[in-house]
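Understanding the architecture of this molecule
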Amino acid sequence: MKISGENIMIILSSPSGVGKTTLTKKLQQKYQNINISVSHTTRSPRSNEVDGVDYNFVSKKKFEEMINQNEFYEYAKIFENYYGTSKKNVNKILKKNDIIFDIDWQGTKQLSDYKNSNIIKLFLITDSKNELKRRLLKRDQNTKEEVEKRYNSFNEDIMHWKDYDYIIINKNLEVCFNHIEKIIQNFKKNYFSSNNSVIL
Ligand code: 5GP
């Protein structure tokens, strides 16, 4: 089975705190044709997060119902909460636009199983573990325990970088952003020329 749609799918994964959300939002602001996939999650909203914009916040019961109804392309349990990508949301976006997923390595593996040729997988890292800790503490969105959990998952996360097409170091946001833009533009160019379609 394939995920249907005429546009490309961009996966951006990284250990927590590397800057993925900022970069994803920046891409969407600059490119109207790139839409963010808004995941479902059972984690509680942070003070700056809006339901339906940052995530669709749902109960564990609702999430498990959705799993049973086969409503997700992928889902994973991360830091004791469920996160998942709803088929309905993705299919709707892909009819008209490209889509970007901010998901972890488990979700990336599951989306890769669909063997779509229109997927590009990017993995973002900081240049050191100390820098990651500094950013996690600076962003002040998590409790001390959550910072510790996210920091400790770094080793596990980076073990999966070989499942990605590109590894990008986010040392400087602008440089990193330009790099991602170029990778996406090239991928689109090659994808559409190999499919004899028109690039919009
Ligand atoms: P956070 O709680 O910091 O927003 O996200 C924790 C992790 O969950 C991040 O690595 C993020 O990429 C991942 N994540 C967010 N949404 C999804 C999703 O729908 N599926 C999967 N597999 N991971 C997700």
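In this report, the structure presented in the accompanying data block is examined.

About the cut-offs
Residues numbered from 1 in each chain as written. Predicted model: local features only at pLDDT ≥ 70, side-chain atom pairs only at ≥ 80, totals over all residues. Heavy atoms only, no water. Pairing = 2+ DSSP bridges. Helix = DSSP H or I, 4+ residues; strand = E, 2+ residues; numbered from the N terminus. Axes fitted to C-alpha atoms, helices over the stretch in contact; angles between N-to-C directions. Contact = heavy atoms within 4.5 Å. Near = heavy atom within 4 Å. Polar contact = N/O pair within 3.5 Å; in protein donor to acceptor, adjacent residues only side chain to side chain. Areas by Shrake-Rupley, 256 points an atom, 1.4 Å probe, with all protein chains shown as cover. 1 Å grid on protein atoms, 1.4 Å probe; cavity = no way out; pocket = protein on both sides within 12 Å on 5 of 7 lines; lining within 4 Å. Sits in = over half its atoms within 2 Å of the grid points. Patch = residues over 30% accessible without salt bridge, like charges linked within 9 Å, V, L, I, M, F, W, Y side chains within 5 Å. Salt bridge = Lys/Arg side-chain N within 4 Å of Asp/Glu carboxyl O. Lys, Arg positive; Asp, Glu negative; His and termini not counted. Charge placed at Lys NZ, Arg CZ, Asp CG, Glu CD. Buried < 20%, exposed > 50% of the residue type's maximum accessible area, 1.4 Å probe, protein only. Parallel < 35°, antiparallel > 145°, perpendicular 65-115°, else oblique. Left-handed = near helix turned anticlockwise from the far one by under 90°. Nonpolar A, V, L, I, M, F, W, Y, C, P; charged D, E, K, R; others polar.

Attention now goes to the sheet that holds strand β9 (residues 166-169). The strand order β2-β7-β1-β8-β9 describes an open sheet built from five strands, whose pairing is parallel. The sheet is open, and its two edges are formed by β2 (34-36) and β9, each paired on a single side. Averaged over neighbouring strand pairs, the angle between their axes works out to 25° when direction is ignored. Of the pairings in the sheet, the one linking strand β1 (residues 9-13) to strand β8 (residues 119-125) comprises five bridges and is parallel in character. Across the sheet, the residue bridging to I10 is I120, located in β8. Of the strands in this sheet, β1, β2, β7 (98-101) and β8 are in contact with helix α1 (residues 20-30), which crosses β2 at around 140°. On top of the sheet, helix α8 (residues 173-194) reaches β1, β7, β8 and β9; it is set at about 165° to β8, its chief contact.

So, on to the site of the ligand. The ligand sits among 18 residues. The nearest are S39, R43, Y55, Y83 and D102. Residue T85 places a side-chain N or O atom 3.4 Å away from an oxygen atom belonging to the ligand. When the ligand sits alone it has 510 Å² of accessible area, and the protein chains cover 94% of it. When atoms are counted within 2 Å of each cavity's grid points, the one that captures over half of the ligand is the largest pocket.

A cluster of basic residues, K62, K88, K92 and K96, forms a positive patch on the protein surface. The element best represented in the positive patch is helix α3 (residues 87-96), accounting for three residues. Summarising the element assignment, K96 is placed in helix α3. A residue is classified by how much of its surface remains accessible, and K96, at 70% relative accessible area, is exposed.

Strand order in this open sheet of four strands is β4-β3-β6-β5, and the pairing throughout is mixed. The sheet is open, and its two edges are formed by β4 (56-57) and β5 (72-78), each paired on a single side. Summarising the sheet, strand β3 (residues 40-41) and strand β6 (residues 81-86) pair through two bridges and their orientation is antiparallel. By the bridge assignment, T41 is partnered in β6 with Y83. Those strands touched by helix α2 (residues 60-68) are β3, β5 and β6, and its axis lies near 45° from that of β6. In the packing of α3 onto the sheet, contacts are made with β3, β4, β5 and β6, and the angle to β6 comes to roughly 35°.

This part takes up the packing of α1 against α8. Running from N to C, α1 and α8 point in directions that differ by 60°, and their axes come no closer than 11 Å. Here α1 is positioned oblique relative to α8, judged by the angle of their axes. In terms of crossing hand, the pair formed by α1 and α8 is right-handed. Contacts from T22, L23, K26, L27 and K30 in α1 reach L173, E174, C176, F177, I180, E181 and I184 in α8. Residues of the contact of α1 with α8, tallied by class, amount to seven nonpolar, one polar and four charged.

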